[in-house]
Amino acid sequence: MILIPAGEFLFGPNKQPMTLPAYYIDRTPVTNAEYKVFVDATKADFPPHWRQGKPLPGIENHPVTQ
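Residues numbered from 1 in each chain as written. Predicted model: local features only at pLDDT ≥ 70, side-chain atom pairs only at ≥ 80, totals over all residues. Heavy atoms only, no water.

Asks: Can you explain the pairing of strand S2 (residues 7-11)? Please cite residues and give values.
Replies: By the bridge criterion, 5 bridges tie S2 to strand S3 (residues 16-20) in an arrangement that is antiparallel. The partner of Phe9 across the bridge, within S3, is Met18. In this antiparallel pair of consecutive strands, S2 and S3, the connection spans 4 residues, and Gly12 shows a positive phi of 75°. (Pairing = 2+ DSSP bridges. Helix = DSSP H or I, 4+ residues; strand = E, 2+ residues; numbered from the N terminus.)

Asks: Let's hear about unusual backbone geometry: which residues, and what values?
Replies: Positive phi is not limited to glycine here, since Lys43 has a value of about 60°. Tracing the backbone shows Lys43 in the segment after helix H1 (32-42). In this structure, Gln52 takes a positive phi of about 50° despite not being glycine. Mapped onto the fold, Gln52 is located in the segment after H1. The exposed category is assigned to Gln52, whose relative accessible area is 80%. (Buried < 20%, exposed > 50% of the residue type's maximum accessible area, 1.4 Å probe, protein only.)

Asks: Got a sec to walk through the side chain of Asn32? Specific residues and values, please.
Replies: Along the polypeptide, Asn32 turns up in helix H1. If we ignore the near neighbours within four places in the chain, the residues touching Asn32 are His49, Trp50, Pro55, Ile59, Glu60, His62, Pro63 and Val64. (Contact = heavy atoms within 4.5 Å.)

Asks: Give a detailed account of the packing of aromatic side chains, specifying residues and quantitative values.
Replies: Evaluation of the coordinates by the stated rule reveals 4 aromatic pairs. Here the aromatic rings of Tyr35 and Phe38 are separated by 5.4 Å at their centres, their planes lie at 35°, and the arrangement is tilted. Of this pair, Tyr35 and Phe38 both sit in helix H1, 3 residues apart, roughly one helical turn. By relative accessible area, Tyr35 is classed as partly exposed at 25%. You can call Phe38 partly exposed: its relative accessible area is 39%. Plain terms: the ring middles of Phe46 and Trp50 are 6.3 Å apart, the flat faces sit at 10° to each other, and that makes the pair stacked. Here Phe46 falls in the partly exposed class, since its relative accessible area comes to 40%. Aromatic rings pair up to connect Tyr35, Phe38, Phe46 and Trp50 into one cluster. (Phe/Tyr/Trp six-rings, centres within 6.5 Å; stacked < 30°, edge-to-face > 60°.)

Dropping the structure here:
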C-alpha cells in the first residue's frame, strides 16, 4: 500500500477545487482469481457480488472491488 498525501485537486469538467484527506491505495490490485485462492485457503468471507463462493464468469481477472 502507498500513502497518497492529503491535498487539493481540480475535479470535473468545471475544474472545481476539492480537498481530499490522506489515504492509502494498493500499489498492485488483487484480482478476483487471486482473492479466491486466499478465500479457499483461509475460509475468509468472499465478496457479496460473488455467487456460491466464486467470482462471476468474466471478472476473474478484474480487481476485487468490495
